[in-house]
Amino acid sequence: MIEFRAVTKRFEDGTIAVDELDLTVEAGTITVFVGPSGCGKTTSLRMVNRMIDPTSGTILVDGRDVLTVDPPTLRRGIGYVIQQAGLFPHRTVLDNVATVPLLSGWDKRRARTRAAELLEIVGLDPAFGKRYPAQLSGGQQQRVGVARALAADPPVLLMDEPFSAVDPVVREDLQNELLRLQAELDKTIVFVTHDIDEALKLGERVAVFRKGGHLAQYAKPQELLSAPANDFVASFVGRDRGYRTLTFLHADVPVHPVATAKLGERITVADWTLVVDEQNRPKGWLSGVDGEVEVGEDDLVSGGSLYDGSSLRGALDAALSSPSALGVVVDDAGAVTGVVKADDVIQALAKARAAGEVPK
Amino acid sequence: MGAWLFDPAHWSGPTGIPVRLLEHLGYTLLTLLIAAVIAIPLGAFVGHTGRGGFAIVGLSNALRALPTTAVLILVVLWAGLGDFPVYVALVLLAVPPIMAGTYAGVRAVDPMAVDAARGVGMRESGVLLNVEIPNALPLIYGGFRGAALQVVATATIAAYTGAGGLGRFVFDGLALQEFGQMLAGAVLVALLAVLVDLGFAGLQRLTVSPGLRPAGTGGKR
Amino acid sequence: MTWILENWERFWEVTAVHLRLSIVPVLAGFALSIPLGWFASRSAKARAVLFPLANVLFTIPSIALIVITPILIGVKILDEINVIVPLVIYTVALMVRSVSDALAAVPGNVIAAANAMGYRPLRRFLTVDFPLALPVTIAGLRVATVSNISMVSVGALVGLGGYGQLFTEGYQTDHTEKVLAGLIGTVVLAVLADGLLLLIGRLLTPWARAGR
Ligand SMILES: Nc1ncnc2c1ncn2[C@@H]1O[C@H](COP(=O)(O)OP(=O)(O)OP(=O)(O)O)[C@@H](O)[C@H]1O
Ligand SMILES: [Mg+2]
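Residues numbered from 1 in each chain as written. Chains lettered and ligands numbered in written order. Predicted model: local features only at pLDDT ≥ 70, side-chain atom pairs only at ≥ 80, totals over all residues. Heavy atoms only, no water.

Taking an unreviewed UniProt entry as the reference, chain B is identified by name as Osmoprotectant transport system permease protein belonging to Lentzea jiangxiensis. For chain B, the Sequence similarities (unreviewed entry) comment in UniProt is given as "Belongs to the binding-protein-dependent transport system permease family." (UniProt positions renumbered as here; feature names shortened; annotations may be inferred.)

With an unreviewed UniProt entry as reference, chain A is termed ABC-type quaternary amine transporter, source organism Lentzea jiangxiensis. Turning to chain A, the UniProt annotation filed under Sequence similarities (unreviewed entry) states: "Belongs to the ABC transporter superfamily."

> Residue-level account of the overall build of chain B, with values.
Secondary structure summary: chain B contains nine helices and zero strands in total. Seen in sequence order, chain B has helices and strands lined up from the N terminus as α-α-α-α-α-α-α-α-α. Considering only C-alpha atoms, chain B reaches an extent of 65 × 50 × 25 Å along its principal axes. Expressed as a percentage of contacts within chain B between residues at least 6 apart in sequence, the contacts between residues at least 24 apart total 72%. Summed over all atoms, the accessible surface of chain B reaches about 9,200 Å², with 71% contributed by carbon and sulfur. (Helix = DSSP H or I, 4+ residues; strand = E, 2+ residues; numbered from the N terminus. Contact = heavy atoms within 4.5 Å. Areas by Shrake-Rupley, 256 points an atom, 1.4 Å probe, with all protein chains shown as cover.)

> Give me the sheet that holds strand E17 (residues 326–330) of chain A: which residues, what numbers.
All names here are of chain A. Taken in spatial order, the three strands line up as E16-E17-E18 in an open sheet, and their pairing is mixed. Sheet topology places strand E16 (306–307) and strand E18 (336–341) at the edges, where each strand pairs with a single neighbour. Of the strand pairs in this sheet, E17 and E18 are connected by five bridges, and their pairing is antiparallel. Bridge assignment links Leu326 to a residue of E18, and that residue is Lys341. Against the sheet, helix H12 (residues 312–321) engages E16, E17 and E18, with an angle of about 130° to E17. (Pairing = 2+ DSSP bridges. Axes fitted to C-alpha atoms, helices over the stretch in contact; angles between N-to-C directions.)

> Explain the packing of helix H2 (residues 8–42) of chain C against helix H5 (residues 81–104) of chain C to me, and be specific about the residues and the numbers.
Residues and elements named next belong to chain C. Running from amino to carboxyl end, H2 crosses H5 at an angle of 40°, the nearest separation of the two axes being 6 Å. The orientation of H2 relative to H5 falls into the category oblique. H2 and H5 meet at a crossing whose hand is right-handed. Each residue belonging to the contact of H2 with H5 can be placed in one class, and the counts come to 20 nonpolar, six polar and no charged. (Parallel < 35°, antiparallel > 145°, perpendicular 65-115°, else oblique. Left-handed = near helix turned anticlockwise from the far one by under 90°. Nonpolar A, V, L, I, M, F, W, Y, C, P; charged D, E, K, R; others polar.)

> Provide a residue-level description of the arrangement of the chains, including the pertinent values.
Inter-chain contacts occur across two pairs of chains; the most extensive set of contacts lies between chains B and C. Kept free of each other, chain A and chain C leave a smallest C-alpha distance of 18 Å between them.

> Please provide a residue-by-residue account of the sheet that holds strand E2 (residues 16–25) of chain A, values included.
Residues and elements named next belong to chain A. With antiparallel pairing, the four strands of this open sheet are ordered in space as E2-E1-E4-E5. The sheet terminates laterally at E2 and strand E5 (64–65), the two strands that pair on one side only. When strand E1 (residues 2–10) meets E2, the two strands line up antiparallel, connected through six bridges. Looking at the pairing, Ile2 lines up with Val25 of E2. With respect to the sheet, helix H1 (residues 41–48) is in contact with E1, E2 and strand E4 (56–61), its orientation differing from that of E1 by roughly 120°.

> Can you tell me about the packing of H12(A) against helix H13 (residues 342–354) of chain A, naming the residues and giving the values?
Residues and elements named next belong to chain A. Viewed as axis vectors pointing N to C, H12 and H13 meet at an angle of 155°, and their least axial separation amounts to 8 Å. Relative to H13, H12 is oriented roughly antiparallel. As for the relative orientation of H12 and H13, their crossing is left-handed in sense. The segment H12 lies against H13, with Leu312, Ala315, Leu316, Ala319 and Leu320 engaging Ala342, Val345, Ile346, Ala348 and Leu349. Here the residues of the contact of H12 with H13 sort into 10 nonpolar, no polar and no charged.

> Explain the interface of chain C and chain B to me, and be specific about the residues and the numbers.
Taken residue by residue, the interface counts 30 residues in chain C and 29 residues in chain B. Of the roughly 2,600 Å² buried between chain C and chain B, counting both surfaces, carbon and sulfur atoms make up 83%. Broken down residue by residue, the surface that chain C buries against chain B is led by C:Thr59, C:Leu157 and C:Tyr171, which jointly contribute 26%. Joining chain C to chain B, the criterion identifies zero residue pairs in polar contact (both at pLDDT 80 or more). Elements supplying a minimum of two residues to the side of chain C that touches chain B: helix H3 (44–59), helix H4 (62–73), helix H7 (121–151), helix H8 (163–172) and helix H9 (176–204) of chain C. Sort the elements by how many residues they give to the side of chain C that touches chain B and H9(C) lands first, with seven residues. (Buried area = accessible area lost by both parts, 1.4 Å probe. Polar contact = N/O pair within 3.5 Å; in protein donor to acceptor, adjacent residues only side chain to side chain.)

> With reference to specific residues and values, describe the UniProt feature "domain: ABC transmembrane type-1" (unreviewed entry) in chain B.
Listed under "domain: ABC transmembrane type-1" (unreviewed entry) in the UniProt record, and renumbered for this structure, are residues 21–200 of chain B. The span residues 21–200 of chain B shows a helical share of 84% and a strand share of 0%, and its end C-alpha atoms are spaced 18 Å apart.

> Tell me about the packing of aromatic side chains, residues and numbers included.
This model, assessed by the stated rule, comprises 15 aromatic pairs over all chains. Judged by centre distance (5.6 Å) and plane angle (35°), the rings of C:Phe11 and C:Tyr163 are tilted. With a gap of 152 residues between them, C:Phe11 in helix H2 and C:Tyr163 in helix H8 connect regions that are remote in the sequence. The same class applies to C:Phe11 and to C:Tyr163, which are both buried. Put simply, the rings of C:Trp8, C:Phe11, C:Trp12 and C:Tyr163 touch in pairs and so form one group of aromatic residues. Over the face of the ring belonging to A:Trp106 we find A:Arg110, whose NZ or CZ atom lies 3.8 Å from the ring centre. Sitting over the ring of C:Phe51, C:Arg97 keeps its end group 4.3 Å from the ring centre. (Phe/Tyr/Trp six-rings, centres within 6.5 Å; stacked < 30°, edge-to-face > 60°. Buried < 20%, exposed > 50% of the residue type's maximum accessible area, 1.4 Å probe, protein only. Lys NZ or Arg CZ within 6 Å of the ring centre and 35° of its normal.)

> Give a description of the UniProt feature "transmembrane region" (unreviewed entry) in chain B that names residues and reports values.
Residue and element names in this part refer to chain B. Within this structure's numbering, the places UniProt gives as "transmembrane region" (unreviewed entry) are residues 25–47, 54–78, 84–106, 150–171 and 183–203. End C-alpha to end C-alpha, residues 25–47 measures 31 Å, and it is 100% helix and 0% strand. Here residues 150–171 runs as 45% helix and 0% strand, with 19 Å between its end C-alpha atoms.

> Can you tell me about the pairing of strand E14 (residues 282–286) of chain A, naming the residues and giving the values?
Residues and elements named next belong to chain A. As judged from the four bridges shared by strand E13 (residues 273–276) and E14, these two strands associate in the antiparallel manner. Residue Thr273 lies in a different strand from E14, and its bridge partner there is Leu286. Connecting the antiparallel pair E13 and E14 is a turn made up of five residues, with Asn280 showing a positive phi of about 70°.

> Kindly report on the domain arrangement of chain A, identifying the contributing residues and their values.
Residue and element names in this part refer to chain A. Along its sequence, chain A is carved into domain 1 (2–248) and domain 2 (260–353). Computed from C-alpha coordinates alone, the two centres of domain 1 and domain 2 are separated by 39 Å. In this complex, domain 1 contributes four residues to the contact, which on the side of domain 2 involves six residues. Summing both partners gives a buried area of about 570 Å² for domain 1 against domain 2, and 62% of it is carried by carbon and sulfur. By the criterion of area lost to domain 2, the three top residues of domain 1 are Tyr243, Leu246 and Thr247, representing 92% of everything that side buries. In this structure, the connection of domain 1 to domain 2 is made through zero salt bridges. (Domains from an automatic or database assignment. Salt bridge = Lys/Arg side-chain N within 4 Å of Asp/Glu carboxyl O.)

Structure representation (structure tokens):
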């Protein structure tokens, strides 16, 4: 658990980066600090491991005042991941990851064995261990950064915009990887970002900062969406927050049967037909041909996200993005189980609202 | 020149080519060692703390303007003949490039890596020794090898005040109007400079992390 | 210092000679290094020849170059050209790299834009490439100038003029103050020349400091 008690940071030039911050980060959760550029997120984060010392106030990590601990010792017990990873260019990937165990006095072999384990945990082939950071892609470097922070198994992890320098696809991978890791490791993670989508996706609790280091709202993601504390939060969370709220709703949507066909089959199509492969996984839609046809790859209309039963947002998006207006529903193996319709999602939402599941 | 250079008589005895070569090499290596011991810690410390950078740059520039001949003569006049004045003059010549290279090298280390070094719990000494200096090595070597070339070339002047080294051939040849001897001396100095530089290039390859080589060439794949 | 005041005329005379012997090679070497540096910045082959050659030239001791020059070009050992030629060589060896690096560092998109606007090559070089390369070039020129000013003295070891004469005379007559006078003169000249170049650089490239 990390507690900020009336923490203020005033820099030498008079800038007040953080003003009387009171905030408690629960143990075993991912807490996200989000806010516009320059609002004091990094400063708040860096006061936890004493990369910056507060001007006044107290920060407790697991009940211990950080100012009573000598900074290097404190930092070895707190993982720290920064933008562009900050890897040591002169050390191999393996030695980068082994840094903290070595600093803490482990012998070299044990540290390296541990480092190799960690590479695997963050989803990197241990063969990468021999490379130098310059020989990795940005996303791979970022994974190494996470591995390095985890090496000594610290209970607390501080992450400052760790995924902001990679492309959206890799970023999503890394986000999913972090959620998977957290499910296993159960760390207390403070994650800084200025991307509200990332905050809502990763955070169990989200602290929205506004300029001057003021805490505008500290709440669960769905609460931010449905009940922003003020105009600032409302506008920061964004215009489609009604739509985003769906992310946090898991209601039953009726699944309708759908006509399917396999490639090479001869069928008569009148309406939209879903073409699937041997494992019953969706390949694309077929329509607009009258009479009997042989299903060929070239006739397929692709597109549409798949709905795996996660949230109403997924269901609605699948329906809206499908060329047939029917959202394809798949099971864990990716096989088609049916389709959902947008109308049904709206009705499910209305039901949830009536049942009081959607806060006003 | 060839006649003088390949005359076996010039290859033996206490004033022969091998002895002069070793003297010259001795001046060079000891000078570089002393200069490195002075310049690297100074440059690294100032680079690390970021304080006094202006002074370091100013000092290097002022030292660069010092004519080595004058320094040599002054120290001889004060302290008498011998090797001591040679070392003073050559060390003053070697310090600026090594110090400037070290300072620039440490300043140029990726601030993210330095931040991360502190973030993972290194102490200031560890940040400097384990992250900043290893990453600054290419630029430190740049300054050092530049200094080495200058020292080899300039050590020739030591002979003006009667000290040893390959400069003897140049000044003796000048006095005796033996141009073959002079030219041979000059060629030997240039050869020695090339060899010394090759030696340090080898040392650089051995001691600089492959991770710091220009993109795409580092390490095994 | 008293020596300088008491022998003002002599001091002024060696200063003038020293200035001439150091500035002429800087100007000549700089002029030569512009086309060579331009060539090196455009052709990898030119670089592969010019840069190692420059490095080797650097390794030849100045005193050696000064005594060899008269043999090679057939003039008397006491001709000023014997200091000027070696210093031109050193200046070129140093500046070829600076000019080449500076030109190579001009952003490609600027050059592309200039081409797109219809500049012809020579005009583009004079009005776009070269001005943009000036800050780095002038930094190199400052190093070359300072080292030339300090190297001119070596000529005195074979009897040529400049402050170096004060060193050799001071050595032969055990006259410390004379040596000191020459040393002070050299350092002051170097600092003045360096400052002047710095100033010229700032005046010529006002954009380099904008937005800092
Ligand atoms: N060392 C410093 N000296 C003076 N002011 C500083 C210093 N570090 C940060 N600040 C100021 O403090 C404020 C908060 O900075 P901080 O880095 O915490 O912002 P941030 O929320 O992390 O922003 P970003 O999203 O851009 O990273 C800013 O106004 C910044 O300019
Ligand atoms: Mg920040």
